[in-house]
Each structure stands twice: as C-alpha cells, then as structure tokens.
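# Fold and geometry: a report
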Amino acid sequence: MERFKAILVTRDEATKQQRPAELVELGLADLMEGDVTVAVSHSTINYKDGLAVTGKAPVVRRFPMIPGIDLAGTIVTSACSSFQKRDPVILNGWGVGETHMGGYAGRARVRKEWLLAAPEGLTAAETMAIGTAGYTAMLAVLALERTGLTPASGPVVVTGAAGGVGSVAIALLAGLGFTVIASTGRTEEADYLKGLGASEIIDRAELSQPARPLAKERWAGGVDSVGSHTLANVLASTRYGGAVAACGLAGGMDLPSSVAPFILRGVSLLGIDSVMAPVTRRREAWDRLATDLDRAKLAAMTTTLPLDAVIATAPDILAGKVRGRIVVEVGG
Ligand code: NDP
C-alpha cells in the first residue's frame, strides 16, 4: 500500500486545543474526498501556514488536518476529463490546508475545480516560490492597474517589504517601471530590497504610530500586507486619486483610520482576497506572473527547505524572521 510523508495537526478533543504538529506517514485512505489525486512535488510556507502549523490562530478548522495552502505536482489519478495522469498542476487556497487536507504531504486528493494547469514557463519549484504570497501580490498589482495607476502616477509604497507578499510586490512593481518605496522593520535588508527593485527604504516605525486623518502626500498607491496603523498611515499619505491594495494583517486586523483619504482625496481602498478568488482572475494573475516576474529576482528571494523542516520554520514566519519566500520540497 502506498505510503507518503505528511505533516499532521490534531487537537485534544477535550480541551479543543491544537496539539504540536508532527511529521508522520500516511496512506491514501487518510486523505479526504476529491476527484483528483496529485503527487505533490513542492509546497511553500506562507504566513497563514505558519499560523496553521503552530496553532497560533484558528486557521485549521477540521482535525486531523494536513496544513499547506499551496501545492504543485502532477496528476496521479483523475476521475474527470479536465485533467489526465501526469498533467502538471498547481493549487492555491480554496480552504486547502484549513478545511481540506493540504500540500504538506506526498499526495493530495482535491476537487478538480481547485486546480489550475501549471503556468507555462514556470517550474513547479518556481510556482511555489511564488505561492499564495506572490499570487496575492500579483492580484494586488492587477487591482491597482484597474484603477488606472501607472508609473507616471507617482511612486508606490510596499509595506511588509521583506516578507513574501512584499518581496514579490516590489519585484513586480519595479519591473513594470514604478518607483517603489519599501517599508520594512529590517532596514539591514536594504541591499536585498534594492536588489528586488526598491528605490527607497523607509523604517516601518514611520508608519506604525496612530495615523492622522490626512498627512503629506507621499505616494500614488501602495500594496499593504500589514494592516492596522500601517495601512491607516499609508492611506493618509496617498496622493489625490490614488489607490491602495490591502491584502494582509501582519501588524493587526484593525484599521484605525478615518474617511478623510476617501472623501477629501478620492483615494480608493482595494480589498484583495486570494483564497476564493475566481478562476479567471487566478489565471490572469498566473499568466502575468509567468511573463512579468524576473526569475533572477524570484531566485534571490527564495530559500528551499525539505518537508521535515516546516515544523521548525513555521514560528519564524510569524516572528517576521523569514526573508522573501520559502519553497518546500515535498517529493513522493
Ligand atoms: P511574511 O511573514 O512573509 O511577511 C509579512 C511581513 O510583514 C514581515 O516580513 C514583516 O516585514 C512585516 N511585519 C511582520 N510583523 C509586523 C508587525 N507587527 N508590524 C509591522 N510589520 C510587520 O507573510 P506573507 O507575505 O506570506 O503574508 C503577509 C500578510 O498577508 C499576512 O498577514 C498574510 O496573512 C496576508 N496574506 C493575505 C492573503 C489574502 O488573500 N488576502 C494572501 C497571502 C497573504 P518587514 O520585516 O519587512 O517589516
């Protein structure tokens, strides 16, 4: 019988407390229902995966659970005509790794509509170097573009700059010709951020204090993965008619802001969700990632780890200690 390595989280049913994650061996019978079985070659560690593996927030909503919100691999068996054996595929979100067993296992059984054919021109490892964080950064850039923002509009700010969403957002925006201001708590990573294309580095402390309703206009737009006071300050400093894409909460879930940027400067706040984003939008994002993202910059922001390093690394991403993106080699 086929066995494969997996990371598993369980909970104590009496206390409802999540137990520490374990590396175990499972069989196909341990997986959940689905039309398609995938041999997972690669996954990644996003902020949400850090929460799921450590149990620091209630990301996992079904136990036992294999975390891992992203996966790349090839079809092993398919009960549908849209995918054939050996087809390369990717999966991001849809509750995988939260309510349906996810990418930290040699095999995944999932619903066909959650899968995308692997984007042309990207290896499986590169798709996971991008992962949900990078695909979300692309969704944010696409949302900014739809407002008409162009490099001629003015500079853009990226917060949480040295993290996964931030690193990919910088590389994408700089590649499109934007002047990028990177906000980071790790100013020692200035060379790294400039290498990705940032023109200016600011200390995130500048944006972390309670915001005034309006401040000096500093940028035409932004990609924010931090939330809370940081997003409020980004909005308060956005130029007339600008737009800010909000995609994260690394600094907090709240938004202590006012309506002033919206009603006095016509600023737009754009919500970005990757988990349930419709397939057409996902396809558009992945097509643009395949053409727009500089592979050398992607390699520069990527660290590769084996599956058995995930449990030890999960707390690091929550502590803001991970730079850029991590590829997890899952194998068979
Ligand atoms: P990372 O941990 O890789 O990056 C987050 C970055 O935020 C850190 O590297 C750090 O950047 C900064 N940061 C961390 N803690 C704080 C803090 N307390 N105050 C200010 N800045 C902080 O995570 P990801 O890039 O994977 O995800 C970023 C955020 O986006 C998360 O909140 C995640 O949940 C969310 N997300 C949302 C998605 C969606 O669908 N909307 C999809 C993907 C991610 P630096 O060191 O440069 O300051």
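As the structure is a computational prediction, the values presented were derived from the model and not from experiment. Every residue gets a number counted from 1 within its own chain, in the order that chain's sequence is written. With pLDDT at 70 or above as the cut-off, local features in this predicted model cover only qualifying residues; side-chain atom pairs require 80 or more to be listed or tallied, and sums for whole chains, interfaces and linings still use all residues. Remark: hydrogens and water are excluded; side-chain values derive from all non-hydrogen atoms of the structure.

### Observations regarding the site of the ligand
The rule for a residue being near a molecule or strand is that one of its heavy atoms must lie within 4 Å of it. Around the ligand sit 25 residues in total, of which Thr184, Gly185, Arg186, Cys247 and Ser274 are the nearest. Counted as a polar contact is a pair of N or O atoms within 3.5 Å, where, for protein atoms, one must be capable of donating a hydrogen and the other of accepting one, and residues adjacent in sequence contribute only when both atoms are in side chains. Ile317 places a polar main-chain atom, nitrogen or oxygen, 3.4 Å from an oxygen atom of the ligand. In isolation the ligand exposes 910 Å². Once the protein is present, 86% of that is buried. Numbering of helices and strands runs from the N terminus; a helix is a DSSP stretch of H or I covering at least four residues, while a strand is a stretch of E covering at least two. Sorting the residues of the shell around the ligand by element identifies α2 (124-146) and α3 (164-175) as the ones contributing at least two each. Amino acids outside the nonpolar list (Ala, Val, Leu, Ile, Met, Phe, Trp, Tyr, Cys, Pro) and the charged list (Asp, Glu, Lys, Arg) are all regarded as polar, and Gly is one of them. Along the lines of polarity and charge, the residues of the shell around the ligand split into 11 nonpolar, 11 polar and 3 charged. Only the protein chains shown count as cover for residues, with accessible areas throughout obtained via the Shrake-Rupley method and a probe of 1.4 Å.

### Side note on the side chain of Asp49
Mapping Asp49 onto the fold places it in helix α1 (residues 47-54). Here Asp49 sits buried without a salt bridge, and the closest side chain of opposite charge, Arg325, lies 6.7 Å off (N-O distance). Whether two residues are in contact is decided by their heavy atoms, any of which lying within 4.5 Å being enough. Ignoring any residue separated from it by four or fewer positions in sequence, one finds Asp49 in contact with Thr44, Gly68, Ile69 and Tyr104. Between buried and exposed lies partly exposed: a residue is buried under 20% and exposed over 50% of the maximum accessible area for its type, with that area taken using a 1.4 Å probe on protein chains only. Positive: Lys, Arg. Negative: Asp, Glu. His and the chain ends are not part of the count. By convention in these notes, a salt bridge is any Lys or Arg side-chain nitrogen within 4 Å of a carboxyl oxygen on Asp or Glu.

### Side note on the domain arrangement of the protein chain
A domain assignment, automatic or from a database, supplies the domain bounds used here. Taken domain by domain, the protein chain consists of domain 1 (3-118 + 301-329) and domain 2 (132-271). The centre of domain 1, based on its C-alpha atoms, is set 29 Å off from the matching centre of domain 2. Across the contact, 13 residues belong to domain 1 and 16 residues belong to domain 2. Computed with a 1.4 Å rolling probe, the buried area is the accessible surface lost when two parts are put together, summed over both parts. Of the roughly 1,000 Å² buried where domain 1 meets domain 2, counting both sides, 57% is carbon and sulfur surface. Linking domain 1 with domain 2 are 1 salt bridge, by the criterion used here. The shortest N-O distance in the salt bridge between Glu189 and Arg323 comes to 3.0 Å. Summed over the shared surface of domain 1 and domain 2, the number is 6 residue pairs in polar contact (both at pLDDT 80 or more). Taken together, the residues of the side of domain 1 that touches domain 2 break down into 4 nonpolar, 5 polar and 4 charged.

### Topic: a nonpolar patch on the surface
The grouping of Val259, Ile263 and Leu264 at the surface amounts to a nonpolar patch, some 320 Å² of accessible area in total. Counting through the fold element by element, Ile263 comes out in helix α6 (residues 260-265). Classification of Ile263 as exposed rests on a relative accessible area of 64%. Put simply, a patch holds well-exposed residues, over 30% relative accessible area, that have no salt bridge, with like charges counted together within 9 Å and Val, Leu, Ile, Met, Phe, Trp or Tyr side chains within 5 Å.

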